[in-house]
Structure formats: C-alpha cells, structure tokens
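# Per-entry structural report
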Amino acid sequence: MEITNFIAFRAAGTITVLVTANLPRSCDSARIVDKYPGGNIQYFVDPGEARVFIEYNSPPEMCPTVVIPWIGQVQIHDDQHNEVRLFINQVPITLTKIIDTHQPHPSFQTFQPLATR
C-alpha cells in the first residue's frame, strides 16, 4: 500500500482526515478500522496526537498486478491535538499537522447575489 496523500483539517472542533493510496494488486484491500480519540483504542496516557488506523490486507493468492486507487476518510471530534499520525496494520507510517480552519475560506462564504438596478 503506497500512501499518496494524507491531509487533516479541523473545523468547529472536528478533524476530517483524508487518505489516498494505491493498492498494488486488484485483490488487495484496505479500510479505516479505528481512530483516536473517539474510537475503540484507549490509552492510559494521551499520546499527544490524534491517530488513524488502517487495516491493509494482501492475500497470498495470485491476482493481477494492477494499481488500484483507494480513498478513505474519517472524522475525529477533537480540538486539543495539533497532529495526526497514520498507522497501517498497527505500524506508524507518517505524521501530518492539522490545518485549522477557524477563519472561513473565501470559497466557503455564503453566496451574495449582485444588487439589481
């Protein structure tokens, strides 16, 4: 599994994490199985970051070697952490900073019709 993009942004206390990847064979599969905080995984001491857990499966059977695009998204209700770490099969892969969107982006503003004459 080759991660191509890993992006996290926060709006109104919710982090949206988007992961894109390429799976090397048509019989391979991946899915987001958990998150922290708010998922099934609990820690005695806070790890200091939000976390996303992906389960990747590559069966031993023969199948075509064709790159398959994959995308996963998860929302995490968290306004304390500033980074998100990605795990694949319980192995830490990468870390990204969370983009805070406290100020509305111009493209998110409400449409205002032009004044009529």
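Shown above is the structure to which this text applies.
Here we summarise the structure given alongside this text. (Residues numbered from 1 in each chain as written. Predicted model: local features only at pLDDT ≥ 70, side-chain atom pairs only at ≥ 80, totals over all residues. Heavy atoms only, no water.)

### Re the pattern of salt bridges
The cut-off we apply is this: Any Lys or Arg side-chain nitrogen located within 4 Å of an Asp or Glu carboxyl oxygen qualifies as a salt bridge. Segments assigned H or I by DSSP are reported as helices when at least four residues long, segments assigned E as strands when at least two residues long, and all are numbered from the N terminus.
Applying the stated rule across the entire model yields six salt bridges. Taking the shortest distance from any N to any O, the salt bridge between Arg 31 and Glu 55 comes out at 3.6 Å. Linking Arg 31 in strand β3 (residues 29–36) with Glu 55 in strand β4 (residues 50–57), this pair joins segments that are 24 residues apart in sequence. With its nearest N and O atoms 2.7 Å apart, the salt bridge here joins Glu 49 to Arg 85.

### Thoughts on the nonpolar core
Condition: Among the buried residues, those of types Ala, Val, Leu, Ile, Met, Phe, Trp, Tyr and Cys that are joined through side-chain atoms within 4.5 Å form a nonpolar core. Throughout this description, buried means an accessible area under 20% of the type-specific maximum (1.4 Å probe, protein chains only), exposed means over 50%, and partly exposed covers the range between. Contacts between residues were defined by any pair of non-hydrogen atoms, one from each residue, lying within 4.5 Å.
Core analysis: the largest hydrophobic core is formed by 19 residues, its most contacted members being Ile 15, Val 17, Val 19, Val 52, Ile 54, Trp 70 and Val 84. Excluding its chain neighbours within four sequence positions, the residues that come into contact with Val 19 are Ile 3, Asn 5, Phe 6, Ile 54, Trp 70, Ile 71, Gly 72 and Leu 86.

### Description of unusual backbone geometry
Cis rather than trans, the peptide bond between Tyr 36 and Pro 37 has omega equal to -5°. Within the fold, Pro 37 resides in the loop between β3 and β4. Positive phi, close to 55°, is recorded for Ala 12, a residue that is not glycine. With respect to the helices and strands, the residue Ala 12 is situated in the loop between β1 (2–11) and β2 (14–23). Note on Ala 12: relative accessible area 84%, which makes it exposed. Even without a glycine there, the phi angle at Gln 90 is positive, about 70°.

### Some words on the pairing of strand β6 (residues 83–88)
Stated formally: DSSP bridges decide pairing: two strands pair if at least two such bridges lie between them.
Pairing of β4 with β6 involves five bridges; the strand directions are parallel. Residue pairing across strands places Ile 54 opposite Ile 88, the latter belonging to β6. Taken together, the six bridges between β6 and strand β7 (residues 91–97) define a ladder with antiparallel strand orientation. Each residue of the ladder has a partner; that of Leu 86, found in β7, is Thr 94. The turn linking β6 back onto β7 is made up of two residues, and Asn 89 within it adopts a positive phi angle of 50°.

### Some thoughts on the sheet that holds β6
Applicable threshold: Note on method: axes are straight lines fitted to C-alpha atoms, helices fitted across the in-contact stretch only, with angles between N-to-C directions ranging 0 to 180 degrees.
The four strands lie next to each other as β3-β4-β6-β7, forming an open sheet whose pairing is mixed. For this open sheet the edge positions go to β3 and β7, each flanked by a neighbour on one side alone. With direction set aside, neighbouring strand axes in the sheet form an average angle of 20°. Here β3 runs beside β4; their pairing, made up of seven bridges, is antiparallel. Bridging from a neighbouring strand, Ile 32 pairs with Ile 54 of β4.

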